[in-house]
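Okay, here's what each chain looks like letter by letter:
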Amino acid sequence: MAARTVFVAGAGTEIGKTYVTAALTRRLRAQGRPVRTLKPLASGVPPLSDPAFAESDTARLLDAQGLAIEDETVEACSPWRFSAPLAPDQAAALEDRALDLSDLVGWCRGQVARTEETLIIEGVGGLMSPVTDRATGLDWLKALDVPALLVSGSYLGAISHALTACETLRLHGVPLLAIAVSESEGAPAPLATVAASIARHAGVPVFGLRRGQACPEALAELV
Ligand SMILES: Nc1ncnc2c1ncn2[C@@H]1O[C@H](COP(=O)(O)OP(=O)(O)OP(=O)(O)O)[C@@H](O)[C@H]1O
Ligand SMILES: C[C@H](N)[C@H](N)CCCCCC(=O)O
Ligand SMILES: [Mg+2]
């Protein structure tokens, strides 16, 4: 299944979405395929003037695209940025701000409409992490009507988290291109064993990414 826009959803938070998104972006560029990568909504992002900004999802994704890290590129990649490393609705409340799902969806639809390159959109947290007071990441993904790439870890418990997310996507009619299992630090089972277990139940292609590994060519070819 070929797709021009892909939404990178997580089976959880801090499990490798940005790692996989950046690796996929680099792989597509290496294959000569133009790509644009966005993290529209990000929490835990310090100001650009803070050296810690370099560790943010936005900085990592701009770097993967070979773009300079400056006000304009940051704003174009991640228009909604909040400082607190919390669910976005909580992080927004701490700044006396609020986010409306229709604004987020409208902005993303605009990007889909005007982007000619392959477009990759990283979600936030896990599939059903709240993005606003009333909406979750699943609501955001459904409103965009684009296929998902699910990223999971390989920690103990990751198989159930990945399959639960898969089943939720299936029940909600969201096409799932593939699952990328990003190896978790200190995972007790080999990556290949976890990936094979997820694959037996998921019914979609599953790719394991070892620590530090580049994006498999076969995964990039599905996008
Ligand atoms: N396969 C991997 N190899 C090396 N490091 C990895 C790998 N997967 C994840 N990491 C590291 O683990 C940490 C968490 O990963 P990452 O930031 O990609 O998670 P995330 O799912 O995008 O989190 P968030 O929910 O905050 O967006 C990062 O430091 C990242 O570089
Ligand atoms: C701060 C973190 N890295 C992410 N940006 C936000 C994760 C929100 C998770 C909320 C939840 O599902 O409980
Ligand atoms: Mg991330």
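The preceding data block contains the structure.
First things first, this report covers the structure right here in the doc. For clarity, every value in this text was computed on a predicted model and none was experimentally measured.

The rules we used
Residues numbered from 1 in each chain as written. Chains lettered and ligands numbered in written order. Predicted model: local features only at pLDDT ≥ 70, side-chain atom pairs only at ≥ 80, totals over all residues. Heavy atoms only, no water. Pairing = 2+ DSSP bridges. Helix = DSSP H or I, 4+ residues; strand = E, 2+ residues; numbered from the N terminus. Axes fitted to C-alpha atoms, helices over the stretch in contact; angles between N-to-C directions. Contact = heavy atoms within 4.5 Å. Phe/Tyr/Trp six-rings, centres within 6.5 Å; stacked < 30°, edge-to-face > 60°. Buried < 20%, exposed > 50% of the residue type's maximum accessible area, 1.4 Å probe, protein only.

Time to look at the sheet that holds strand E1 (residues 5–10). Through backbone hydrogen bonds, the strands of a sheet pair up, either in parallel or in antiparallel fashion. Read from one edge of the open sheet, six strands run E2-E5-E1-E6-E7-E8, paired in parallel fashion. Here the strands that pair on one side only, and so sit at the sheet edges, are strand E2 (35–38) and strand E8 (206–209). Adjacent strand axes in the sheet meet at a mean angle of 20°, parallel and antiparallel pairs treated alike. Where E1 meets strand E5 (residues 118–122), four bridges bridge the pair, whose relative direction is parallel. Across the sheet, residue threonine 5 finds its bridge partner in E5, namely leucine 119. Sitting on the sheet, helix H5 (residues 101–114) is in contact with E1, E2 and E5, with an inclination near 175° to E2.

Scanning the model with the defined rule gives two aromatic pairs in all. For the ring pair phenylalanine 7 and tryptophan 140, a centre distance of 5.0 Å and an interplane angle of 90° mean the geometry is edge-to-face. Here the residue phenylalanine 7 occupies a position in strand E1, and tryptophan 140 occupies one in helix H6 (residues 137–144), the gap between them amounting to 133 residues. An identical accessibility class is assigned to phenylalanine 7 and tryptophan 140; each is buried. Arranged with centres 6.1 Å apart and planes meeting at 90°, the rings of tryptophan 80 and tryptophan 107 form a pair that is edge-to-face. Of the two residues, tryptophan 80 is situated in strand E4 (residues 80–82) and tryptophan 107 in helix H5; the sequence distance between them amounts to 27 residues.

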